[in-house]
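A look at the structure
Listed here are the chains, written in short residue letters.
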Amino acid sequence: MGCLDMKYVLFLGDGMADEPIEALGGRTPLMAAETPNLDRLMQGGHARLGTFRALPEPFPTSSDVANLSVLGHDLATGYCGRGPLEAASQGILLGTNQMAFRCSLVNVSPDGVVQDYSAGQITTPEAVELIEALNAALGSGKVRFAPGVAYRNLLLLTGGEFSPDVSCEKPDDHQGDPYLDNLPKAKTPAGEATAALLRTLMVDSIELLENHPVNRARVAAGKRPANRIWPWSGGRRPAVKRFREMYGKSGAIISAVDVIKGIGAVTDMDVIEVPGATGYIDTHYEGKACAAVRALQDHDFVYIHVEGIDEVSHEGDLEKKIRAIEDFDRRLIGTFLEEFSFSPVSEGVGLKNLALAVLPDHPVPVVRRKHTRTPVPVLFVHPWAKGDSGLLYNELDAPKGSLGLLQGEGVMRTLFEKPAM
């Protein structure tokens, strides 16, 4: 079998990595979860372990940074912020005098403390109503709100006076902190007008959101209202390399959330929509797996991203995190391996022409409820490789693996490496 026959898939469990937890007897959720498919891959004789530094300094500890890192992009030249990527996912091409910010809908308590970065996992239809009301009340030729998926929305600014030189905190880093203590600040004098506008919009939106029928209905139903906006991670049109230019291969990306689909869009990877993919733990794992197998018939590489593990980690829900990891293993990886074995792309040789990688983009310890910069465990399976013996795929065994600490393009170059002749 020649290398040209190879197909490649990467399973990305967003936020899956964690830390040892006393309630689990010093194990992590990944160690406590039942993961028969990952265990089978490790025991097949061709699996190697290592770790990957996905959140290097001085870049933010956010998923756009981490997933660009996994795909091997040069953050020093290609990092643009989350807003422009999510705009690209929606087909919004930013002009030279435009900026895009992620505009999260969050929940703040009556005493002004951030309670929930996702506003109680507000639904997309509810969020659309709120964003449209914000746009009607606060929008202008310079300001536009655009809906996204659930709490993840956009704020678009148009005008030469606006600058990316602003410092905006991540809302999921500040659950339990005062809302008004974390308003945007200018990094330089050039950012003063932008930071001032963002602060004004955040304060001016409060009365509208708290009195909106959507939020009144949520309160009546015992749910947390989406009573604040939180703009962050703004930037201008991205300038990143195309996937084929970097690796000489065709690529597809499967995700439910705009930031990942935006990365696909700006790097000319085909973005594959999967009905029932939600961005939470109720996502259609099997649909994603089957879509990936189909995509491999005319793509060299498929990147399958699952968001839900990250969401329940930010919620601090240990039980849900373990269950989400088990679904990732059984319903995504297990379904993919079964379907691939019987698909036309396997060319009758099963998994012998498939190389795969499994990793999180970053840790989200359920105790901390926010991202950390700790290197993440990464698993590679190549049909020609001599595997690491006596190890399992988890945060404690991965540093003992033969691949050591990977950085930069390390994940993709290792996945695409050719066997020694």
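Up top is the structure.
Residues numbered from 1 in each chain as written. Predicted model: local features only at pLDDT ≥ 70, side-chain atom pairs only at ≥ 80, totals over all residues. Heavy atoms only, no water.

Glancing now at the packing of helix H5 (residues 82-89) against helix H10 (residues 258-266). Between H5 and H10, whose axes approach to 7 Å, the crossing angle comes to 75°. Here H5 is positioned roughly perpendicular relative to H10, judged by the angle of their axes. Residues Arg82, Leu85, Glu86, Ala88 and Ser89 of H5 form the contact with H10, whose participating residues are Asp258, Val259, Lys261, Gly262, Ile263, Ala265 and Val266. (Axes fitted to C-alpha atoms, helices over the stretch in contact; angles between N-to-C directions. Helix = DSSP H or I, 4+ residues; strand = E, 2+ residues; numbered from the N terminus. Parallel < 35°, antiparallel > 145°, perpendicular 65-115°, else oblique. Contact = heavy atoms within 4.5 Å.)

Another point: empty space enclosed by the protein. Enumeration over the complete set of coordinates arrives at two cavities of 30 Å³ or more. Forming the boundary of the largest cavity are 16 residues, of which Arg82, Arg102, Tyr151, Asp172 and Asp310 lie nearest the centre. Mapped onto the lining of the largest cavity, the elements with two or more residues apiece are strand E3 (98-108) and helix H12 (308-314). In the lining of the largest cavity, the residues fall into four nonpolar, four polar and eight charged. (1 Å grid on protein atoms, 1.4 Å probe; cavity = no way out; pocket = protein on both sides within 12 Å on 5 of 7 lines; lining within 4 Å. Points joined across faces, edges and corners; volume = space filled by probe spheres on them. Nonpolar A, V, L, I, M, F, W, Y, C, P; charged D, E, K, R; others polar.)

Here the focus is the sheet that holds strand E15 (residues 405-406). Paired through backbone hydrogen bonds, the strands of a sheet run either parallel or antiparallel to each other. Pairing in this open sheet of eight strands is mixed, and the strands run E11-E10-E12-E1-E13-E14-E2-E15 from one edge to the other. Each edge of the open sheet carries a strand with a single partner, namely strand E11 (270-272) and E15. Pairing of strand E13 (residues 354-359) with strand E14 (residues 376-381), which is carried by three bridges, proceeds in the antiparallel orientation. Across the sheet, Leu356 pairs through a bridge with Val381, a residue of E14. Helix-sheet contacts for helix H13 (residues 318-341) involve strand E1 (7-13), strand E12 (301-306) and E13, and the interaxial angle to E1 is about 170°. (Pairing = 2+ DSSP bridges.)

The next thing to look at is the packing of aromatic side chains. Enumeration over the complete set of coordinates arrives at 12 aromatic pairs. Measuring from ring centre to ring centre gives 6.4 Å for Phe243 and Phe416, while their planes differ by 75°; the resulting arrangement is edge-to-face. Of this pair, Phe243 sits in helix H9 (residues 243-247) while Phe416 sits in the segment after helix H14 (410-415), and the two are 173 residues apart along the sequence. By the burial criterion, Phe243 is buried, and Phe416 matches it. With centroids separated by 5.5 Å and ring planes inclined at 65°, the aromatic side chains of Tyr247 and Phe416 adopt a geometry described as edge-to-face. Of this pair, Tyr247 sits in helix H9 while Phe416 sits in the segment after H14, and the two are 169 residues apart along the sequence. We classify Tyr247 as buried; its relative accessible area is 9%. With a relative accessible area of 10%, Phe416 lands in the buried category. (Phe/Tyr/Trp six-rings, centres within 6.5 Å; stacked < 30°, edge-to-face > 60°. Buried < 20%, exposed > 50% of the residue type's maximum accessible area, 1.4 Å probe, protein only.)

Take unusual backbone geometry next. In this chain, Glu57 is followed by Pro58 through a cis amide linkage whose omega measures 0°. Looking at the element boundaries, Pro58 is found in the loop between strand E2 (47-52) and helix H3 (63-70). One non-glycine residue, Ala150, adopts positive backbone phi at about 55°. Mapping Ala150 onto the fold places it in the loop between strand E5 (143-149) and strand E6 (152-158). On the basis of relative accessibility, which here comes to 9%, the residue Ala150 falls in the buried class. The backbone of Asp268 shows a phi angle near 60°, a positive value even though the residue is not glycine. Topologically, Asp268 is positioned in the loop between H10 and E11.

This part covers the nonpolar core. If you look at the biggest cluster of nonpolar residues, it comprises 90 residues, and the most contacted ones within it are Phe301 and Phe336. Ranked by the residues each element gives to this core, the list is headed by H13, at nine residues. Counting 37 residues, the second-largest nonpolar core is a separate cluster that includes Val114, Ile122, Leu134 and Trp230. (Core = buried A, V, L, I, M, F, W, Y, C linked by side-chain atoms within 4.5 Å.)

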